[in-house]
Amino acid sequence: MKAVIINKYGNVDELKMENIAIPEIADDEVLVEVKATSVNPIDWKLREGYLAEGIPLKFPIVLGWDVAGVITRIGQKVTGFKTGDKVLARPDLTNRGTYAEYTAVKEDKLAMLPENVSYEEAAALPLAGLTAWQGIYENLEVKPGQTVLMQGGAGGVGIIAIQLMKHIGAHVITTASAKNKEFLESLGAEQVIDYHDTDFSQVLSNVDAVFDTIGGDTLKKSYSVLKQGGRLVTISGDIDEKLAAEKDITAKSIWLHPNGKQLTELVNLVNDGVVKVIIDSTHPFTEDGVKAAQEVSESHHAKGKIVISMK
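So, how was this worked out
- Residues numbered from 1 in each chain as written.
- Predicted model: local features only at pLDDT ≥ 70, side-chain atom pairs only at ≥ 80, totals over all residues.
- Heavy atoms only, no water.
- Helix = DSSP H or I, 4+ residues; strand = E, 2+ residues; numbered from the N terminus.
- Rg over C-alpha atoms; globule rule 2.2 N^0.38 Å.
- Buried < 20%, exposed > 50% of the residue type's maximum accessible area, 1.4 Å probe, protein only.
- Contact = heavy atoms within 4.5 Å.
- Areas by Shrake-Rupley, 256 points an atom, 1.4 Å probe, with all protein chains shown as cover.
- Lys, Arg positive; Asp, Glu negative; His and termini not counted.
- Charge placed at Lys NZ, Arg CZ, Asp CG, Glu CD.
- Pairing = 2+ DSSP bridges.
- Axes fitted to C-alpha atoms, helices over the stretch in contact; angles between N-to-C directions.
- Parallel < 35°, antiparallel > 145°, perpendicular 65-115°, else oblique.
- Nonpolar A, V, L, I, M, F, W, Y, C, P; charged D, E, K, R; others polar.
- Core = buried A, V, L, I, M, F, W, Y, C linked by side-chain atoms within 4.5 Å.
- Salt bridge = Lys/Arg side-chain N within 4 Å of Asp/Glu carboxyl O.
- Phe/Tyr/Trp six-rings, centres within 6.5 Å; stacked < 30°, edge-to-face > 60°.
- Lys NZ or Arg CZ within 6 Å of the ring centre and 35° of its normal.

> I keep staring at the overall build of the protein and nothing clicks. Help me out?
The helix and strand tally for the protein stands at 10 helices and 16 strands. Here the protein has a C-alpha radius of gyration of 19 Å; the compact-globule value for 311 residues is 19 Å, and the two agree. For the protein, the spread of C-alpha atoms along the three principal axes comes to 55 × 40 × 35 Å. Counting the 311 residues in the protein, one finds 54% classified as buried. Counting only contacts in the protein whose residues sit at least 6 apart along the sequence, the fraction spanning at least 24 positions is 66%. Working note: accessible area of the protein is about 13,400 Å², and carbon and sulfur atoms make up 48% of it. Side chains of the protein give 32 positive and 43 negative charges; the mean places of these two sets differ by 1 Å.

Okay, here's the thing in structure tokens:
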């Protein structure tokens, strides 16, 4: 099969299209013919070597951990899916990712693809969507009527998170650039703070929860806007235990865990029109296409998800 691989850490020039063996599947896995995948920051951060210590993978590495496609083979212990099923998944983090014509996925990571959701939309959902889902439902425990600050609303996680929190019935405030104001309001944000000209920590207070995707100073200042006993999650840094303790804040740094049941609930909300998948750009499955897709992600200027289509 064709796959885009890296043989060593480095810039986009390390991405090479090669022929490699189709993955073998374990008894609890299925083989998925990939119809679309998407790019996440973890892809190029791993390619650059930034995550080499925390995520040691053997070369050659196939990057990519979002998939939508069709099951072509099933393991002996797989009972909930069959050959020909259209599925989506955030597979386990291995060196055989989804920038490939085929990928192996554990049964418990799979969700069935509903009729009204395209492969491209489905491929854009798992990693960012599950991060949003787990941040909101498992950690922030957002309730109707609460005020939540979403740091970085126009990113892949932020776009899904705003819609989920609106669906719950929360009052959503977000930070973004002015050009994204109307777009984010259309998704359910009731206040958009332009981080270029307004310091959110000077205009907000008594917020119930903060979902941070930015890190750095933004994360540090986020503690100050929370009410006593508030909640904070970040996907972009470590928790400051001292700042959290001062206001009895429940604060966690989270890393998503792949979960087929949660992904099923999420993609059904997309199918029902409750959550929209926003695609920034779609790129062909070629060496140049994958390089271009990663460059868009590295620019930090994508509005929504960057998809790679096998068509």
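> What exactly am I supposed to notice about unusual backbone geometry here?
The bulk of non-glycine residues show a negative phi, and the bulk of peptide bonds are trans. Cis geometry is adopted by the peptide bond preceding Pro-60, which originates at Phe-59 and carries an omega value of -5°. By secondary structure assignment, the location of Pro-60 is in the loop between helix H1 (41-48) and strand S4 (61-62). Here His-300, not a glycine, exhibits a phi torsion of approximately 65°, which is positive. Within the element layout of this structure, His-300 appears in the loop between helix H10 (287-298) and strand S16 (305-309). The exposure class assigned to His-300 is exposed, which follows from its relative accessible area of 62%.

> Sorry if this is basic, but what is going on with the sheet that holds strand S11 (residues 191-194) here?
Strand pairing in a sheet relies on backbone hydrogen bonds, with the paired strands running either antiparallel or parallel. Across the sheet, 6 strands lie side by side as S11-S10-S9-S12-S13-S14; this open sheet has parallel pairing. For this open sheet the edge positions go to S11 and strand S14 (250-253), each flanked by a neighbour on one side alone. Each strand of the sheet is rotated relative to its neighbour by a mean of 15°, with strand direction disregarded. Two elements, strand S9 (residues 147-151) and strand S12 (residues 207-212), share 4 bridges in a ladder whose sense is parallel. The partner of Val-148 across the bridge, within S12, is Ala-209.

> I keep staring at the packing of H1 against H10 and nothing clicks. Help me out?
For any two helices packed against each other, the geometry is given by the interaxial angle and the distance between the axes. Two numbers describe how H1 lies on H10: the axes approach to 9 Å, and their chain directions differ by 100°. The angle between the axes of H1 and H10 places the two elements in the roughly perpendicular class. Residue-level inspection shows Pro-41, Asp-43, Trp-44, Arg-47 and Glu-48 of H1 in contact with H10, the latter providing Gln-294, Ser-297 and Glu-298. For the contact of H1 with H10, a count of residues per class yields 2 nonpolar, 2 polar and 4 charged.

> Is there a simple way to think about the sheet that holds S4 in this case?
Spatially, the 3 strands line up as an open sheet ordered S2-S1-S4, and their pairing is antiparallel. The open sheet has two free edges, formed respectively by strand S2 (16-19) and S4, since each of these has just one partner strand. Direction of pairing for strand S1 (residues 2-6) relative to S4: antiparallel, over a ladder of 2 bridges. In the strand pairing of S4, Ile-5 is matched with Val-62.

> How should the nonpolar core be read in this particular structure?
When a protein is soluble and globular, its nonpolar side chains tend to lie buried together. Within the largest apolar cluster, 89 residues are counted, with the highest numbers of intra-cluster contacts made by Leu-88, Leu-125, Leu-164, Met-165 and Leu-184. Per-element tally for this core: the top contributor is helix H4 (residues 156-168), with 8 residues. With sequence-adjacent residues up to four places away left out, Leu-184 is seen in contact with Gly-153, Ala-154, Ile-162, Thr-174, Ala-176, Ala-189 and Val-192. Membership of the second largest hydrophobic core comes to 16 residues, among which are Leu-204, Val-207, Val-225 and Ile-249.

> For this particular structure, what's the right way to read the pattern of salt bridges?
Opposite charge on two side chains allows them to pair when their charged atoms are near. Per the stated rule, a full pass over the model turns up 18 salt bridges. A salt bridge links Lys-8 to Glu-14; its shortest N-O distance comes to 3.5 Å. Among the salt bridges present, the one from Lys-181 reaches Glu-185, with a minimum N-O distance of 2.7 Å. Taken as a pair, Lys-181 and Glu-185 lie in helix H5 (residues 181-187) at a separation of 4 residues, close to a single helical turn.

> In this structure, what is going on with the packing of aromatic side chains? I would like to understand it.
Ring pairs (aromatic) are described by centroid distance and by the angle formed between their planes. Overall, the coordinates contain 2 aromatic pairs when judged by the stated rule. The ring of Phe-183 is capped by Lys-303, whose NZ or CZ atom sits 4.6 Å from the centre of that ring.

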